[in-house]
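# Survey of secondary and tertiary structure
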Amino acid sequence: MIPGYSARHLAYIRIRPTALALLVWTLSWALTGFCSDLALVHAKIYRSPTQPAITDGVILVRGSRIVAVGPGARVKVPIHANVIDCQGRAVTAGFWNSHVHILFPGILHAEKLTSRHVSSELQEMFTRWGFTTVFDIASVQQNTTLIRRRIESGEVTGPTILTVGEPFWVKGGTPIYIKGFLEANHIVMPEVSSPEQAVVRVRQQINGGADAIKIFANSVERDRILTMPSDLAKAIVAEAHRAGKPVFAHVSNDQGIEVALQSGVDILAHTTPAGDLWSAPFAERLVAAHIALTPTLTLWDVEAKKGGVSSEQAEKWMSRAAEQLKAFSEAGGEVLFGTDVGYIEQFDTSEEFTWMARAGLNFQQILASLTTNPSARFGYSSHRGRIAEGMDADLVVLNGDPGKDVIAFSKVHQVIRGGQLIYQAR
């Protein structure tokens, strides 16, 4: 006992520093949350493809989540919030690109690359075009996983990355157009010769972090198109589905689509302009099988130019692809926006939006392909794909109104992922 102090005084002395520390911690936490508020004001807000736009709206972000959205007259902006003035601009949920490749030379061998370099490459490919989430559907899984981890740690700035890892092609079926690239970059991607071997590899890739699996139902070779046997495709798809993972299929013709249908594939990675037009009954079969489609229309223009095809033939090819997309969409098919960037070097998305509109897709359908369709298809709809209270703060600020001109989807001013500004146009 300290002279002159009662037991009650001593208890008070012991408790007071603890209480003071708790008070300081509480105030510090509250102030941190308060100061991290981000407010987007005076925006035209497209909350989802099915809801009316909010004019002169406010989106309030705290941490990584949206905490309020509504007309400016109803949403109070905290005095210390960081404010982004969106006057004359539109805001949508963050975009998904459901067909990319983390195979671009600038991001291979990521263990040797600086964070600044990787961030810059990802910005040019993805974030400056509004993509807050991308689905890589063929790459070196180890390299893609490393890039993903560097983004998740905050070391690298980039989108959320989902991946299939290495694709599955049959023995002798490495596509002719990729062989030289793989050799030049010292990349080995295995081929599969039996269902048993394929099943083992599916398990390995999923255990290694793959979010989906991809098969080449068709592989383009020097003098033919090789089609994957149905038993092999079925074994791969069944094993992926056992693990709760979706399956993408690269297809080049109707035979490849039949393999995809018979095996239970979830997403077609392309239209097939070299094949037949898709009749209404054919498109309805795809829809009945719950297959989604990434059209990648720009790819065919790039391939036509690469092959020296005449402008007339290229237009015919592109129109055929657009007609296939139109038939699929009119049958009620689920469209996922995808560009095949990483295989092609055309990062600008404006041509893709132009051709999707030419195929008859309206603003709401294109917005759905960028937001609600992929978030639902891949199991993220509870927290991504819409602008609403409690949703992830993945947002795109556009220079222009895509509701009036879909090309505005490509005119990105700012991109926010998880409440953090990851791209600002100069």
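Residues numbered from 1 in each chain as written. Predicted model: local features only at pLDDT ≥ 70, side-chain atom pairs only at ≥ 80, totals over all residues. Heavy atoms only, no water.

As annotated in an unreviewed UniProt entry, the protein carries the name Pro-Hyp dipeptidase and comes from Koribacter versatilis.

## Things to note about the packing of helix α2 (residues 115–125) against helix α3 (residues 141–152)
To be explicit about the condition: Simply put, an axis is a line fit to the C-alpha atoms, just over the touching stretch for a helix, and the angle between two N-to-C directions goes from 0 to 180 degrees. A helix here means a DSSP run of H or I that spans at least four residues, while a strand means a run of E at least two residues long, and both kinds are numbered starting from the N terminus. An angle below 35 degrees is read as roughly parallel, one above 145 as roughly antiparallel, one from 65 to 115 as roughly perpendicular, and any other as oblique. Only heavy atoms matter for contacts: two residues are in contact if any of them lie within 4.5 Å across the pair.
Between α2 and α3, the least distance of the axes is 12 Å, while the angle of their chain directions is 100°. It follows from the interaxial angle that α2 and α3 lie roughly perpendicular. Across from Ser 115, Val 118 and Leu 122 in α2, the residues of α3 making contact are Ile 147, Arg 150 and Ile 151.

## A few points about helix α5 (residues 195–207)
Inclusion rule: Multiply 1.5 Å by the residue count of a helix minus one, and that product is the helix's expected span. Think of it in three bands: with a 1.4 Å probe and only protein chains considered, a residue is buried below 20% of the maximum accessible area for its type, exposed above 50%, and partly exposed in between. Read the arc as the range of directions from the helix axis to the C-beta atoms.
Taking 1.5 Å per residue as the helical rise, α5 with its 13 residues ought to reach 18 Å, and the 18 Å between its terminal C-alpha atoms agrees with that figure. Those residues of α5 that sit buried are Ala 198, Val 199, Arg 201, Val 202, Gln 205 and Ile 206. Viewed end-on, α5 has its buried residues packed into an arc of 165°, placing them on one side of the element. Turned more than 90 degrees from where α5 packs its buried face, Glu 196, Gln 204 and Asn 207 sit exposed. Buried residues along α5 sit in contact with α3, β9 (213–216) and α6 (230–242). Backbone geometry just after α5 places Gly 209 at a positive phi near 110°.

## Concerning the sheet that holds β9
Stated formally: Pairing between two strands is assigned when DSSP locates at least 2 bridges connecting them.
If you trace the 5 strands from one edge of the open sheet to the other, you get β9-β12-β13-β14-β15, paired in parallel fashion. Each edge of the sheet is formed by a strand with only one pairing partner; in this case those strands are β9 and β15 (334–335). Where strand β14 (residues 292–293) and β15 come together, 2 bridges link them in parallel fashion. Within β15, the residue paired with Ala 292 across the bridge is Glu 334.

## A look at the pairing of strand β3 (residues 65–71)
Both strand β2 (residues 54–62) and β3 contribute to a ladder of 6 bridges, which runs antiparallel. Counterpart to Gly 57 in the pairing with β3 is Pro 71. Counted along the chain from β2 to the antiparallel partner β3, the turn is 2 residues long, and its residue Gly 63 has a positive phi close to 65°.

## What about empty space enclosed by the protein?
Rule in force here: Here the term cavity refers to a set of points on a 1 Å grid, laid over the protein atoms alone, in which a 1.4 Å probe fits but cannot get out; the term pocket refers to an open set having protein on both sides within 12 Å along at least five of seven lines, with lining residues being those that place an atom within 4 Å of a point. Grid points are joined across faces, edges and corners, and a volume is the space filled by probe spheres set on the points. Each residue gets one of three labels, nonpolar for Ala, Val, Leu, Ile, Met, Phe, Trp, Tyr, Cys and Pro, charged for Asp, Glu, Lys and Arg, and polar for the others, Gly among them.
For the structure shown, the criterion picks out 2 cavities of 30 Å³ or more. Estimates place the volume of the largest cavity at around 50 Å³. In the lining of the largest cavity, the residues fall into 2 nonpolar, 5 polar and 4 charged. Residue lining of the second largest cavity: Thr 298, Thr 339, Ile 344, Gln 346, Phe 347, Asp 348, Thr 349 and Glu 352, and that is the complete set. Counted by class, the lining of the second largest cavity contains 2 nonpolar, 4 polar and 2 charged residues.

## As for the UniProt feature "domain: Amidohydrolase-related" (unreviewed entry) in the protein
Short version of the rule: UniProt positions are given in the numbering used here, feature names are shortened, and annotations may be inferred rather than shown by experiment.
Mapped onto the present numbering, the UniProt feature "domain: Amidohydrolase-related" (unreviewed entry) falls at residues 91–421. Its end C-alpha atoms 14 Å apart, residues 91–421 is made of 39% helix and 15% strand.

## Structural notes on the packing of helix α10 (residues 311–330) against helix α11 (residues 350–358)
What counts, and what does not: For any helix crossing, the convention is left-handed if the near helix is rotated counterclockwise from the far helix by under a right angle, and right-handed if that rotation is clockwise.
Across the interface, α10 lies against α11 with an axial gap of 9 Å and an inter-helix angle of 65°. The chirality of how α10 crosses α11 is right-handed. Between α10 and α11, the contacting residues are Glu 315, Met 318, Ser 319, Ala 322 and Leu 325 on the first element and Glu 351, Trp 355, Met 356 and Arg 358 on the second. Taken together, the residues that form the contact of α10 with α11 break down as 5 nonpolar, 1 polar and 3 charged.

## So, the packing of aromatic side chains
Just so we agree on the cut-off: The rule is short: rings of Phe, Tyr and Trp, with Trp giving its six-membered ring, pair when the centres are within 6.5 Å, and they are stacked under 30 degrees, edge-to-face over 60, tilted in between. For a ring to carry a charge above it, either NZ of a lysine or CZ of an arginine must fall within 6 Å of the ring centroid while also lying within 35 degrees of the normal to the ring plane.
Enumeration over the complete set of coordinates arrives at 17 aromatic pairs. Considering the side-chain rings of Trp 96 and Tyr 380, the 5.5 Å spacing of their centres and the 70° angle between planes classify their relative orientation as edge-to-face. Here the residue Trp 96 occupies a position in strand β6 (residues 95–100), and Tyr 380 occupies one in the loop between α13 (372–377) and β16 (395–398), the gap between them amounting to 284 residues. Like Tyr 380, Trp 96 is buried. Each member of the aromatic cluster is reached from another via a ring pair, and the members are Tyr 46, Phe 95, Phe 131, Phe 337, Phe 353, Phe 363 and Phe 409. Lying across the ring of Trp 355, Arg 358 places its NZ or CZ 4.0 Å from the centre.

## As for the sheet that holds strand β8 (residues 160–163)
The 3 strands are arranged β6-β7-β8 in an open sheet whose pairing can be described as parallel. At either margin of the open sheet sits one strand with a lone partner, and together these are β6 and β8. Mean inter-strand twist for the sheet, computed between neighbouring axes without regard to direction, equals 20°. Where strand β7 (residues 131–136) meets β8, 4 bridges bridge the pair, whose relative direction is parallel. For Thr 133, the partnering residue across the bridge sits in β8 and is Thr 160.

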